[in-house]
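Chain by chain, the residues:
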Amino acid sequence: MMRDGNHNRQFPACDRGTARVSLTLVLAALVAGCASDGRYPSLALRDAERAEGSFEPVTTDIQAPRPAPLATAAENRLGGLVATARESHAAFRAAVPSARRAVAAGANGGVTSDAWAAAQVALADLDSKRSATSVPLGDLDILYVDSTLAFQEIEQVAQARDIVIALVAEEDRILQELRARIRL
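1. Focus: the overall build of the protein
Thinking step 1. If you tally the helices and strands in the protein, you get 4 helices and 0 strands.
Thinking step 2. Reading the protein from its N terminus to its C terminus gives the helix and strand order α-α-α-α.
Thinking step 3. Looking at the protein as a whole, 21% of its 184 residues qualify as buried.
Thinking step 4. For the protein, contacts bridging at least 24 residues in sequence account for 81% of all contacts bridging at least 6.
Thinking step 5. As presented, the protein carries roughly 13700 Å² of accessible surface, and 58% of it is formed by carbon and sulfur atoms.

2. A closer look at the pattern of salt bridges
Thinking step 1. Applying the stated rule across the entire model yields 8 salt bridges.
Thinking step 2. Ionic pairing is found between Arg-77 and Asp-139, a salt bridge with its closest N-O pair at 3.9 Å. Separated by 62 residues along the polypeptide, Arg-77 in helix H2 (residues 72-106) and Asp-139 in helix H3 (residues 114-149) bring together distant segments of the chain.
Thinking step 3. One salt bridge in this structure joins Arg-161 and Asp-141, with 2.7 Å as the shortest N-O distance. Within this pair, whereas Arg-161 is found in helix H4 (residues 155-181), its partner Asp-141 is found in helix H3, the two being separated by 20 residues in sequence.
Thinking step 4. Connected via shared salt-bridge partners are Arg-100, Glu-177 and Arg-181.

3. Let's talk about the packing of aromatic side chains
Thinking step 1. What the rule picks out here adds up to 0 aromatic pairs.
Thinking step 2. One Lys or Arg, Arg-161, reaches over the ring of Tyr-144 and ends 4.6 Å from the middle of that ring.

4. Side note on the packing of H2 against H4
Thinking step 1. Their axes nearest at 10 Å, the elements H2 and H4 cross at an angle of 10 degrees. The angle between H2 and H4 places the two elements in the roughly parallel class. Where H2 crosses over H4, the two elements pack in a sense that is left-handed.
Thinking step 2. Residues of the contact of H2 with H4, tallied by class, amount to 15 nonpolar, 3 polar and 8 charged.

5. Some details on the nonpolar core
Thinking step 1. In this structure, Phe-92, Val-103, Leu-123, Leu-126, Leu-178 and Ile-182 are the most contacted members of the largest nonpolar core, which totals 15 residues.
Thinking step 2. Tallying contributions element by element places H2 first for this core, with 6 residues.
Thinking step 3. Here Ile-182 is in contact with Val-103, Gly-106, Ala-107, Trp-116, Ala-119, Gln-120 and Leu-123, once residues within four sequence places are set aside.
Thinking step 4. Counting 14 residues, the second-largest nonpolar core is a separate cluster that includes Leu-78, Leu-137, Leu-143 and Val-168.

Rules used throughout
- Starting afresh in each chain, residues are numbered from 1 along the sequence in its written order.
- In view of the model being predicted, local features appear only for residues whose pLDDT reaches at least 70, and side-chain atom pairs are presented and counted only at 80 or more, with totals across whole chains, interfaces and linings using the full set of residues.
- Values reported for side chains reflect all heavy atoms of the structure, with hydrogen atoms and water molecules removed beforehand.
- Secondary structure is summarised from DSSP: a helix means a run of H or I of at least four residues, a strand means a run of E of at least two, and numbering begins at the N terminus for each.
- Only protein chains enter the area calculation, which uses a 1.4 Å probe; residues under 20% of their type maximum are buried, those over 50% are exposed, and those in between are partly exposed.
- The contact criterion used is simple: two residues touch if any of their non-hydrogen atoms lie within 4.5 Å.
- A 1.4 Å probe and the Shrake-Rupley method give the accessible areas. Residues count as covered only by the protein chains that appear here.
- Salt bridges, as used here, are contacts in which a Lys or Arg side-chain nitrogen is within 4 Å of a carboxyl oxygen on Asp or Glu.
- Pairing of aromatic rings covers Phe, Tyr and Trp, the last through its six-membered ring, and needs centres within 6.5 Å; plane angles under 30 degrees mean stacked, over 60 mean edge-to-face, and all others mean tilted.
- Two limits define a charge over a ring: the Lys NZ or Arg CZ must be within 6 Å of the ring centre, and within 35 degrees of the ring normal.
- Orientation is described by lines fitted to C-alpha atoms, with helices fitted over the stretch in contact, and by angles between N-to-C directions that extend from 0 to 180 degrees.
- To sort the angles, those under 35 degrees are grouped as roughly parallel, those over 145 as roughly antiparallel, those from 65 to 115 as roughly perpendicular, and the leftovers as oblique.
- Crossings are classed by handedness, with left-handed meaning an anticlockwise turn of the near helix from the far one by less than a right angle and right-handed meaning a clockwise turn.
- Under the scheme applied here, ten amino acids are nonpolar (Ala, Val, Leu, Ile, Met, Phe, Trp, Tyr, Cys and Pro), four are charged (Asp, Glu, Lys and Arg), and all others, including Gly, are polar.
- Residues belong to one nonpolar core when they are buried, are Ala, Val, Leu, Ile, Met, Phe, Trp, Tyr or Cys, and are joined through side-chain atoms within 4.5 Å.

Structure representation (structure tokens):
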């Protein structure tokens, strides 16, 4: 192997050290140029800006405005949305035992086995039922935002949302548990 003096040339350590010192001096000079020369006002606290004495808060008898009652149409719709979510949740719960059996049967089968395919169909069915439960949640979210923007009481809407959120969360936990048992 031939060595070419130009390609494998190593720079001596003193050259690198000198370069570092030079770079440091150049940077120090640049930073020093940024220092104030007195032409700009100080940012220190001025005498007029110091707080002296005490201020008494002004007391008023003005009460904050209260939100308007929830619109009757929205109030009537709440019960229907929660009922729809509960119905689809009941259908989900009714499908869980057969899905558990299908997942247990397909858990040890290969991806090409009929048992594994049946388990995937059962999981897809549960996903479909979960989607049906979450549709009323979307409607409740819209109702919540609309009521908030209209400055209406939102307590009833929030309670209905919490009920449906709990139903969807339960379904999510069951689906997660079943998916963890079967290989994808």
